Amino acid sequence: ALALTGCTDASQQPAPGSTASAGGAAAFDPTTAPKDEALIALLPAALKDKATLEIGSDTSYEPAEFLDKDGQTPVGYDIDMAKAIAATLGKKAVAHTADFPTILPKLGTVYDLGMSSFTITQERSKAVNFVSYFNAGTLWAVQKGNPNKITMDDLCGKKVGVQTGTVQEEPDVSDRSKACVAAGKPAIDIISLKNQTDITTRLVGGTIDAMAADSPITRNALANTGGKLEVLGDIYDSAEQGIAIAKNDLPLAEVIEKVMNKLITDGTYMKILEKWNNADGAIKTAVLNPAVSN
Amino acid sequence: MRSPLGGSQPAGGDIDLIKAVPVRHPGRWVGAAVIIIVLVLVAQSLVTNERFRWDIVGTYILDVLVIQGVGWTLILTVASMAIAIVLAILLAFMRQSDNPLFRYVAWVWVWFFRGTPIYTQLVFWGLVATLYPTIVLGVPFGPELLTVNTSILITAKVGAIVGLGLNESAYLAEIFRAGLKSVDNGQMEAAEALGMRRSKVMWRIVLPQAMRVIIPPTGNETIGMLKTTSLVLAVPFTLDLTFVTNTLANRTYEPIPLLIVAAIWYLIITSVLMVGQYFIEKHYGKGVDNVMKAPVMATAAVAAAHAKPTTGTDGSKEGGKE
Amino acid sequence: MRSPLGGSQPAGGDIDLIKAVPVRHPGRWVGAAVIIIVLVLVAQSLVTNERFRWDIVGTYILDVLVIQGVGWTLILTVASMAIAIVLAILLAFMRQSDNPLFRYVAWVWVWFFRGTPIYTQLVFWGLVATLYPTIVLGVPFGPELLTVNTSILITAKVGAIVGLGLNESAYLAEIFRAGLKSVDNGQMEAAEALGMRRSKVMWRIVLPQAMRVIIPPTGNETIGMLKTTSLVLAVPFTLDLTFVTNTLANRTYEPIPLLIVAAIWYLIITSVLMVGQYFIEKHYGKGVDNVMKAPVMATAAVAAAHAKPTTGTDGSKEGGKE
Amino acid sequence: MTETTPLAKGKAHGVKPLVKVEGVHKFFGEHHVLKGIDMTVAPGEVSVIIGPSGSGKSTLLRCINVLETISAGRIYVHDSLIGYREVNGKLHDLSTKHIAAQRREIGMVFQRFNLFPHKTALQNVIEAPTQVKRQSKAAAKLKALELLEMVGLSDRADFYPAQLSGGQQQRVAIARALAMEPELMLFDEPTSALDPELVGDVLEVMKDLAKSGMTMIVVTHEIGFAREVGDTLTFMDAGVVVESGNPREIIANPQHARTKEFLSRVL
Amino acid sequence: MTETTPLAKGKAHGVKPLVKVEGVHKFFGEHHVLKGIDMTVAPGEVSVIIGPSGSGKSTLLRCINVLETISAGRIYVHDSLIGYREVNGKLHDLSTKHIAAQRREIGMVFQRFNLFPHKTALQNVIEAPTQVKRQSKAAAKLKALELLEMVGLSDRADFYPAQLSGGQQQRVAIARALAMEPELMLFDEPTSALDPELVGDVLEVMKDLAKSGMTMIVVTHEIGFAREVGDTLTFMDAGVVVESGNPREIIANPQHARTKEFLSRVL
Ligand SMILES: Nc1ncnc2c1ncn2[C@@H]1O[C@H](COP(=O)(O)OP(=O)(O)OP(=O)(O)O)[C@@H](O)[C@H]1O
Ligand SMILES: Nc1ncnc2c1ncn2[C@@H]1O[C@H](COP(=O)(O)OP(=O)(O)OP(=O)(O)O)[C@@H](O)[C@H]1O
Ligand SMILES: [Mg+2]
Ligand SMILES: [Mg+2]
């Protein structure tokens, strides 16, 4: 039933060609994860009495975090993971859509956890605590049939789309570009866009030659564009993504590390990733502030 | 040279009204034709270019989420413009105040809010609760009277509206200042000489005349605000038109048609606003813009003229002697 | 009642200039004090709140990338405002044209560019190469004279500048229209009666007087444009100040200090622009705003007055008879 | 130069003056425009000021109405200092509120009319009575139509100033000032834009006002009016009062060479 | 009502008229302001128009200068139709360029002066000569200072209009119009804001202009000027020419009751 007469409800239908949609075949309810009183006891005092766990997430990154049909409810494997964490701690997860720059400053006050596919880097580790929970590499895609005959060895002078602020943009592709220049070849024309969907659209449209993104994103793009794109090369540079916790809230970060490891061992973790077709990004153990090479 | 009238007796013969052929400007018409052709081509290519996916535009243009987004965008625009206009009038008057501190504060206000990006300001409104978890009302260095939890006071909605309103007030203040400047000084003197108080002079004499000049740039700002509301995501406020269409675009991997959906809605609202602007301008132009400059060519006027005797009684002398 | 002068012979005695005590407004001063206290508190909490990470602000404020970003932002702003001003004057004149087609086209232009979001427009400028891979110049339905590869013609830079310029021209056109309206009709008549051509009348008589009213909202637009340039990301153009600071923020996950870095730079540029605006306004206010209203209290003036004889020779009658 | 001749009826009869101008100076920057003006106007007196262009006549009227701040001297209306408050010999600026109250007693007709262009003739006239005196709109309208009738403009009540001829505008300005029923009227060349016939009419109106006891200061070039209606004639030149006294006497027998010269050109 | 009396010297001597107004009507919306005006002015003639306020005098001058479009009739200056081109008995609007050229030959002094407020007195005067006639700035300045001297304002050359008294502004407006050395001058109450002394001076200037052969149409209330300098006197009322002819004759012996009444009030 529509609230407004004369309105249509296309937005309420499953997106055409979408395979990774909430409520798909592999439906799994992460809130069924069992409560763990021992872990609850470890929580910092301020969090113990709260009924909710507040999550900040930039919900424009399918399939990790995006908005459901109503345009307001965040969904995705990060969100499910948050729900499982909250359930373990006897709480309810409340995910908030947030613009990226506002997530980190609000950690510790407005949000308890930031879950927005944060790739862990040394530089970033100075600003927040990370608990690793997923392993994503970089995966490239080109148009179906690779009409421009792109190879990973010869990207110089080509137009490559990346999402603004990702590790693909900086340092990955930018370093490749510098290498091109150093070798006397034309630099890579890096097209950096705010939305991943814009990049995918341009690749389908042919204004860019290739795109580089986190592997789950690339997989999702392949699935959603109905066979217009194909993978280029293999996953590389596998890097861990982390749950962000305020730098001065180490006790909470330690609890989250333990909760993640519990979810990994009891299988909840794997069920969530399978539900979102991303089981290959699973990690063996979650680590607090892992040593990272880059 | 022919004399078009039977004689110089105006009331006698028919008046041979001049119906002159307008000046021809072939160059202009060629230019206009070129413009028309360009417009047609652009329109045609818009409609026929399949990349625009008009079918998807059609699917979503009346989508319930989109309509809700339109509603929220309108609410944000109206509410923040209302705040901005009130503040701007206050600021424009403060700029004219005798109190240098008031002038200075108004200047700093305009400087700060015009000078920093609205996005940054909105981020800060979103962060107020983080930066200042409680707001304490009290005597400085004295007892605290009231402690409020900021996140209760400044919800996303309030933050968005206040943030947009404060920012806009700085821009509008400049527009109002320019408008007040455009009114001839003699007007203020005449009103003051009649014993009207400063505030009366402003409200009844100066401001109504300034409105002619204030309305068009204020229309600009309102229409601009319509689009600026999309930045409220920073607060975060996630119900406005742009956010909704962006979300749909992300879901469907079809950003172009959904940008078009948003653009069509913005165009519709803008059109309504422009019609409103036209009538407001007309209202405030009375006595100045609306004074009949060209004769009404209607035969009615001529007939009326013929009907009246021309014996000077319709001059303005009747009451000349008491 | 005392008579302050020795007699009524002004040239004789000293003139006892009035040095009146200004009106006291205790309420106003209290208000002002409250404002000052609030400002000080806000400033203090800005400086002391450790979340703002002033150390990081210090690290990046003069970063080479940031300075380059400032440069690009300025280039984009200046270039697109230049395009916009030229177009806007053209549009404002077209709105007054006798040719209805010109009027209509100008109206549609303003309607369309004000009506659609600049972000969408910029996305389209970025997509032109996708949507129309080649632009063909030729006689309609005739031979093609020239075929250009669009992606060569419309680079990111060109797209950004043109996109911003076209959008802005619509807003400025309204501002110019309002400005022209503010000039008394008698001015145009007087100039025309002297035999000046329309264009001369506009350039030398009407526009200079309109500038008083045009400058403040145009200042608004310029300062707004400074921030709007950050949307060129849509084209995509990735060298402007906002983009650079965003990138740095992403790298370090310290968004707040980098937003502050950007805000400080925008404030600095805005300050410079506001100083420029002040002088331009002063220039165009000559003869109207700058007319001395208050007496110069300087003793020099009085001394000069004493030195001169008061025998009426400094009136304005000398040349009365030829 | 400014030797003050014995002033007119007000002073002569020992009545307290309504307007007292004492040693008023006015500088515009370096320009010394009023150079020690002294002048008294008794209640009910019609004081006529004549003088060449640029001699400071308008400026003097504007000073009386606090539209310009004076640089030195004092102006009293009804024994109250205009524009200032004197406390222990020290002058304090009056607040705008008090200045507005003072102005309410003083009507002024401007040389350049300054009608409100966004209001019709009728609206121009009722503006101050309804807004300042808080008269009912109906009452103000009735009075306004009477005044417009008096100046011969009842059929132009609904015209905007831009639709009126110069003379019509000037008459509306007179009606507007009279609508406030002020105690003192300042006329700055009230007949400059009028044809001679209307000049007669308007001067007739002013004569009636004078008879009804209104105090008036009139800057005019109508020597005839000065002679017929004026109680005092003041001749100003280059910022000083050259001569002042009974109009008939001055016109017939000016004491100063400058006055003589000026009048000789006029008569 | 508009029975045309034999016109003045130009026509009498068989010279081709410089200005010919034929059956001109003007409507403002429903208001019929000019009701079939006929008038001829010979080269070198001084044509004086008098009439009550609102009778259409300013409107007639404005029509001659194409500041208003006429609703019916024809106006010729120098045998060329003003504002229109006549081709096969059909009227075509003139382009603004051609209208500007026609206006260059016609100087006008406005009732409300309309000085350019952003330019000093001197800049006001040299604007048209340098911009329209393309005179050198130096030459235009020399001429302008001469003209300002003539109207007694050489010491106010660098003042902005807002700093000038009413009479001073009016004189600058006269100098500005004269600087274009037009063939025909239209004066709309050129002495309204002047004191009687200056009126004399300005009328003197106009007399000299008349002697130097300039054609003038002068709307004025100075009957004395009409008598002394005018070659023709036209009396307008309520949009019609009531009477026109030799000034002395009309003033001494008006033919129409309305003229008689008007003049009786004046003299
Ligand atoms: N704002 C100003 N700045 C400088 N000088 C000014 C200003 N206002 C007026 N004046 C000068 O003061 C003098 C007196 O002006 P005022 O208007 O009082 O003359 P007036 O006697 O009314 O003349 P008129 O009969 O021409 O109206 C003039 O010489 C004028 O140039
Ligand atoms: N734009 C207009 N709309 C309507 N009526 C107008 C307009 N302009 C002038 N009139 C009317 O036309 C009539 C003639 O005006 P005009 O200015 O020609 O009079 P005038 O003879 O110059 O009078 P004065 O001596 O007072 O200047 C007046 O009654 C006036 O109300
Ligand atoms: Mg004056
Ligand atoms: Mg007139």
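Residues numbered from 1 in each chain as written. Chains lettered and ligands numbered in written order. Predicted model: local features only at pLDDT ≥ 70, side-chain atom pairs only at ≥ 80, totals over all residues. Heavy atoms only, no water.

1. Some details on the interface of chain E and chain C
For interface size, the figure often reported is the accessible area lost on association. Counting from both sides, the interface comprises 41 residues of chain E and, opposite them, 32 residues of chain C. Between chain E and chain C, the buried area comes to about 3,100 Å², and carbon and sulfur atoms account for 52% of it. Three residues, F116, H118 and Q131 of chain E, lead the burial of chain E against chain C; their summed loss comes to 17% of the area buried on that side. Linking chain E to chain C there are 3 salt bridges. Among the salt bridges present, the one from E192 of chain C reaches R103 of chain E, with a minimum N-O distance of 3.4 Å. Our count for the contact surface shared by chain E and chain C stands at 9 residue pairs in polar contact (both at pLDDT 80 or more). Listing elements by their share of the side of chain E that touches chain C, those giving two or more residues are α3 (96-104), β8 (106-109), α4 (121-131), α5 (137-150), α6 (166-178) and α7 (196-211) of chain E. In terms of residue count, α7 of chain E provides more of the side of chain E that touches chain C than any other element does, 6 residues in total. (Contact = heavy atoms within 4.5 Å. Buried area = accessible area lost by both parts, 1.4 Å probe. Salt bridge = Lys/Arg side-chain N within 4 Å of Asp/Glu carboxyl O. Polar contact = N/O pair within 3.5 Å; in protein donor to acceptor, adjacent residues only side chain to side chain. Helix = DSSP H or I, 4+ residues; strand = E, 2+ residues; numbered from the N terminus.)

2. Digging into the relation of the copies chain B and chain C
In the superposition of chain B on chain C (RMSD 0.1 Å, axial shift 0.0 Å), the rotation amounts to 180°. The relationship between the two copies is best expressed as a two-fold rotation axis. With an isologous cut-off of 70% or more, the 100% of interface residues of chain B that recur at the interface of chain C puts this contact in the isologous class. (Least-squares fit on C-alpha atoms with pLDDT ≥ 70 in both.)

3. Considering the pairing of strand β7 (residues 90-93) of chain E
Note that strand β6 (residues 84-87) of chain E and β7 of chain E share 4 bridges and pair antiparallel. Within β7 of chain E, the position partnered with V87 of chain E by the bridge is K90 of chain E. (Pairing = 2+ DSSP bridges.)

4. As for the site of ligand 2
Around ligand 2, 21 residues are found, and the nearest of them are R156 and S165 of chain D together with S53, S58 and T59 of chain E. One finds residues of chains B, D and E in close proximity to ligand 2. R156 of chain D is positioned with one of its side-chain polar atoms (N or O) 2.7 Å from an oxygen atom of ligand 2. One of the backbone N or O atoms of S55 of chain E is found 3.2 Å from an oxygen atom in ligand 2. Starting from 640 Å² of accessible surface for ligand 2 in isolation, the protein chains cover 95%. Every element with two or more residues in the shell around ligand 2 is listed here: α6 (166-178) of chain D together with α2 (57-64) of chain E. A per-class count over the shell around ligand 2 returns 6 nonpolar, 12 polar and 3 charged. (Near = heavy atom within 4 Å. Areas by Shrake-Rupley, 256 points an atom, 1.4 Å probe, with all protein chains shown as cover. Nonpolar A, V, L, I, M, F, W, Y, C, P; charged D, E, K, R; others polar.)

5. Brief notes about the state of the cysteines
Residues and elements named next belong to chain A. Applying the stated criterion across every chain, the model contains 1 disulfide over all chains. Disulfide partner of C156: C180, at an S-S distance of 1.9 Å. With the S-S dihedral at roughly -85°, the linkage between C156 and C180 falls on the left-handed side. Of this pair, C156 sits in the loop between β7 (128-143) and β8 (159-163) while C180 sits in helix α6 (residues 168-182), placing them 24 residues apart in sequence. For C156, a relative accessible area of 13% translates into the label buried. Since its relative accessible area comes to 6%, C180 is described here as buried. (Disulfide = S-S within 2.5 Å. Buried < 20%, exposed > 50% of the residue type's maximum accessible area, 1.4 Å probe, protein only.)

6. Some remarks on the site of ligand 1
The environment of ligand 1 is made up of 21 residues, and the closest members are S53, S58 and T59 of chain D together with R156 and S165 of chain E. One of the backbone nitrogen or oxygen atoms of S55 of chain D is found 3.2 Å away from an oxygen atom of ligand 1. One of the side-chain nitrogen or oxygen atoms of Q168 of chain E is found 3.1 Å away from an oxygen atom of ligand 1. Across the complex, the protein chains shield 95% of the 640 Å² of accessible surface that ligand 1 would expose by itself. Residue assignment for the shell around ligand 1 shows that the elements contributing at least two residues are α2 (57-64) of chain D together with α6 of chain E. Residue composition of the shell around ligand 1, by class: 6 nonpolar, 12 polar and 3 charged.

7. Some thoughts on the sheet that holds strand β4 (residues 72-77) of chain D
Residues and elements named next belong to chain D. Taken in spatial order, the 4 strands line up as β2-β1-β4-β5 in an open sheet, and their pairing is antiparallel. The outermost strands of the open sheet, each flanked by one partner alone, are β2 (31-41) and β5 (80-81). Strand direction decides the pairing type here: β4 and β5, joined by 2 bridges, are antiparallel. Of the residues in β5, the one forming a bridge with V77 is S80. Across the sheet, α2 is in contact with β1 (19-28), β2 and β4; its angle to β2 comes to roughly 65°. (Axes fitted to C-alpha atoms, helices over the stretch in contact; angles between N-to-C directions.)

8. So, the interface of chain B and chain C
On the side of chain C, 65 residues touch chain B, which itself brings 65 residues to the contact. Here chain B packs against chain C, burying approximately 6,000 Å² in sum over the two surfaces, 65% of which is carbon and sulfur. At the surface where chain B touches chain C, the tally comes to 4 salt bridges. Linking E281 of chain C and R177 of chain B is a salt bridge whose minimum nitrogen-to-oxygen distance equals 2.9 Å. Seen at the junction of chain B and chain C, the total is 23 residue pairs in polar contact (both at pLDDT 80 or more). Residue assignment for the side of chain B that touches chain C shows that the elements contributing at least two residues are α1 (26-48), α4 (100-115), α5 (118-131), α7 (156-181), α9 (198-228) and α11 (255-284) of chain B. Looking at the side of chain B that touches chain C, the element that brings in the most residues is α11 of chain B, giving 11 residues. Considered class by class, the residues forming the side of chain B that touches chain C number 35 nonpolar, 17 polar and 13 charged.

9. Some details on the nonpolar core
Counting residues in hydrophobic clusters, the biggest one holds 115 residues, and the most contacted among them are V21, L184 and I217 of chain E. Residues contacting V21 of chain E, with those up to four places away along its chain left out, are I37, D38, M39, L60, I64, R74 and I75 of chain E. Counting 111 residues, the second-largest nonpolar core is a separate cluster that includes A249 and I269 of chain C together with V21 and L61 of chain D. (Core = buried A, V, L, I, M, F, W, Y, C linked by side-chain atoms within 4.5 Å.)

10. Points about the pairing of β7 of chain A
Where a strand is regular, its side chains alternate between the two sheet faces. Residue and element names in this part refer to chain A. β7 sits mainly inside the fold: 14 of its 16 residues count as buried. Pairing of β7 with strand β11 (residues 229-246) involves 13 bridges; the strand directions are antiparallel. Note that in β11 the partner of T138 across the bridge is Y236. Bridge count for β7 against strand β10 (residues 210-214) is 4 bridges, and the pairing is antiparallel. Looking across to β10, one finds that A141 is bridged to M211.

11. Let's talk about the sheet that holds strand β3 (residues 65-67) of chain A
Residue and element names in this part refer to chain A. The 3 strands are arranged β2-β3-β4 in an open sheet whose pairing can be described as antiparallel. Here the strands that pair on one side only, and so sit at the sheet edges, are β2 (60-61) and β4 (74-75). Across 2 bridges, the pairing between β3 and β4 is antiparallel. Its bridge partner being in β4, F66 is matched across the sheet by V75.

12. Digging into the packing of helix α3 (residues 64-95) of chain C against helix α7 (residues 156-181) of chain C
The geometry of a pair of packed helices is captured by two quantities: the angle between their axes and the separation between those axes. All names here are of chain C. Where α3 contacts α7, the axes come no closer than 5 Å and their chain directions differ by 45°. Considering the angle they form, α3 stands oblique to α7. Between α3 and α7 the crossing geometry is right-handed. Taken together, the residues of the contact of α3 with α7 break down into 21 nonpolar, 3 polar and 5 charged. (Parallel < 35°, antiparallel > 145°, perpendicular 65-115°, else oblique. Left-handed = near helix turned anticlockwise from the far one by under 90°.)

13. Concerning the packing of aromatic side chains
Counted by the stated rule, this structure contains 17 aromatic pairs over all chains. Connected via pairs of aromatic rings, a cluster forms that spans F118 and F130 of chain A together with Y253 of chain C. In this arrangement the basic side chain of K20 of chain E is found over the ring face of Y76 of chain E, its NZ or CZ atom lying 5.7 Å from the centre. The ring of F116 of chain E carries the charged tip of R176 of chain E above its face, separated from the ring centre by 4.6 Å. (Phe/Tyr/Trp six-rings, centres within 6.5 Å; stacked < 30°, edge-to-face > 60°. Lys NZ or Arg CZ within 6 Å of the ring centre and 35° of its normal.)

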